[in-house]
Each structure stands twice: as C-alpha cells, then as structure tokens.
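Secondary and tertiary structure notes
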Amino acid sequence: MCLPEVSRFEDIAKVLELNLIEVMQCKLGDAPMKEFEGVLVDTISIAESQNKHKICKSFILLILVLILCLGVHFFPIYHIFQAWSPSYFTTGEISKLAYVGKHEDLNRARLFVAQADKAFSDLDTPEKQIEKKYGLFSRYAPGAEAGGFSETHSLKLWSAHFGDSATDSYGYVWVYYSNEVKNDKNEVVQGSNKIPALWLFEKNKNGVWEIIDIKEHP
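Reading guide: rules and limits
- Residues numbered from 1 in each chain as written.
- Predicted model: local features only at pLDDT ≥ 70, side-chain atom pairs only at ≥ 80, totals over all residues.
- Heavy atoms only, no water.
- Pairing = 2+ DSSP bridges.
- Helix = DSSP H or I, 4+ residues; strand = E, 2+ residues; numbered from the N terminus.
- Phe/Tyr/Trp six-rings, centres within 6.5 Å; stacked < 30°, edge-to-face > 60°.
- Buried < 20%, exposed > 50% of the residue type's maximum accessible area, 1.4 Å probe, protein only.
- Lys NZ or Arg CZ within 6 Å of the ring centre and 35° of its normal.

Some thoughts on the pairing of strand E3 (residues 188-203)
- Where strand E2 (residues 170-182) meets E3, twelve bridges bridge the pair, whose relative direction is antiparallel. Counted as the bridge partner of Tyr172 is Leu200 from E3.
- Where E3 meets strand E4 (residues 209-216), seven bridges bridge the pair, whose relative direction is antiparallel. When the bridges of E4 are listed, Glu202 appears paired with Glu210.

Shown next, in the form of structure tokens:
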C-alpha cells in the first residue's frame with residue numbers, strides 16, 4: 001500500500017493544528033488510503049477557501065471604514081447640528097459647514113487661525129493696544145487687565161470657503177473654540193466653552209482678504 005507524500009501530511013497538520021507525528025499516527029481503519037487522502041485534500045481545500053473568504057471580507061470592511069472616515073472628514077455634516085441656529089445664522093452660512101472646503105481655502109484660513117491663536121494667548125498687552133494689534137480678533141485676547149496668570153484654549157478650523165466669483169465675493173470660515181484664563185490663585189477669571197463662530201471676509205482694494213465680521217450666537 002502506497003502512503004501519501006509527507007508534504008501533504010504537513011499541510012494536514014497545519015489545517016488541523018496538530019504536529020506531524022500526531023497526523024502520521026492517525027488510524028485509517030479499513031478505508032483505502034487513496035480515499036482517505038482524497039478526503040483530507042478536500043478538507044484542506046475547504047479550509048483554504050474559508051481563509052480566503054475571511055480575508056476578502058476583512059478587506060472589504062477595511063475599505064468601507066476608510067470611505068466612511070474620508071466622508072466624515074470632508075463632509076462633517078454633524079457640525080451643522082452643533083452650530084444650528086437659524087434665528088441667528090442664515091441658511092447659506094450654515095450650509096458652509098457641509099463641506100470643509102478646498103485645500104487652498106483651508107490653507108488661507110489657517111493663516112487667520114494663527115492670528116487668533118496669538119490673541120487667545122496674549123495676557124500682557126494693555127487693553128488700549130489690543131484692538132490695534134489684533135483687529136477683530138482682539139475680542140479673543142484677555143489682555144493685561146484680565147489679571148490672567150495662565151491661559152489654555154482650543155481653536156479648531158471647521159471649514160473655509162473663499163468666493164472667487166461675482167455671485168459670492170465673500171469668505172466664510174467656521175471655527176470652534178474654548179478657552180480659559182486663570183489668575184495666580186488658580187481661579188478662572190475668563191472663559192468660553194465650545195463656541196461655534198463664523199468669520200466673514202472680504203477682499204480690500206488691494207485684493208487681499210481681510211476679516212470684516214465675527215458672528216457668534218449671543
């Protein structure tokens with residue numbers, strides 16, 4: 001009676017999670033060796049097919065998760081519900097939250113976000129000089145009069161859209177911020193929490209974008 005190749009027993013051992021000696025010691029009874037070998041080969045094929053199916057399902061799931069993440073990143077519709085206030089913001093302004101904006105618009109907006117970041121962190125500039133230093137962003141600057149000893153803030157850029165047509169020549173930048181200023185006794189002297197804000201922009205006579213208004217729900 002001819003025995004099957006040892007390499008097949010190694011495949012069988014891997015599938016059945018046994019070592020090679022255990023597989024070789026299996027009793028075959030009265031069944032012909034070829035029939036037994038055929039059953040084991042079929043078992044190996046089924047196991048390999050199931051493994052391929054699992055890999056395929058995992059790959060499809062990974063792709064779906066990736067698509068979902070990209071969709072949430074570029075189309076963060078949930079921001080609309082966080083800022084929803086039709087009595088204060090117009091429908092057109094709120095609609096700017098449905099899409100984060102073009103890459104160049106986001107980069108342009110980040111320059112203004114950097115200016116606002118500096119204003120949030122300013123604990124030293126006297127109140128009379130703040131407006132000249134930061135313009136409309138001066139509303140975010142605590143200034144020396146606040147008596148602040150430490151400051152923490154979070155300023156997130158939600159979306160940016162700068163119009164380049166005759167129908168809409170304005171810029172719309174949505175941000176979301178929180179800040180807290182404490183004195184030397186670790187007491188909070190100033191703060192805001194989870195505030196959606198819309199910054200409005202317009203090109204000046206030199207064609208440079210400048211902020212003309214900041215809208216926040218009172």
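Structural notes on the packing of aromatic side chains
- Enumeration according to the criterion identifies twelve aromatic pairs in this entry.
- Note on Phe137 and Tyr140: the rings are 6.4 Å apart at their centroids and 25 degrees apart in plane angle, and the pair reads as stacked. Of the two residues examined, Phe137 and Tyr140, each falls in the buried class.
- Ring centres of Tyr140 and Tyr177 lie 5.1 Å apart, and the angle between their planes is 65 degrees; on these two criteria the pair is classed as edge-to-face. Of this pair, Tyr140 sits in the loop between helix H7 (127-134) and strand E1 (150-162) while Tyr177 sits in strand E2; the two residues are 37 residues apart in sequence, bridging distant segments of the chain. Residue Tyr140 shares its accessibility class with Tyr177, and that shared class is buried.
- Through a chain of ring-to-ring contacts, the aromatic side chains of Phe120, Phe137, Tyr140, Tyr177 and Trp199 assemble into a single cluster.
- One Lys or Arg, Arg108, reaches over the ring of Phe162 and ends 5.0 Å from the middle of that ring.
- The cationic tip of Lys215 hangs over the ring face of Tyr88; the distance from NZ or CZ to the ring centre is 5.6 Å.

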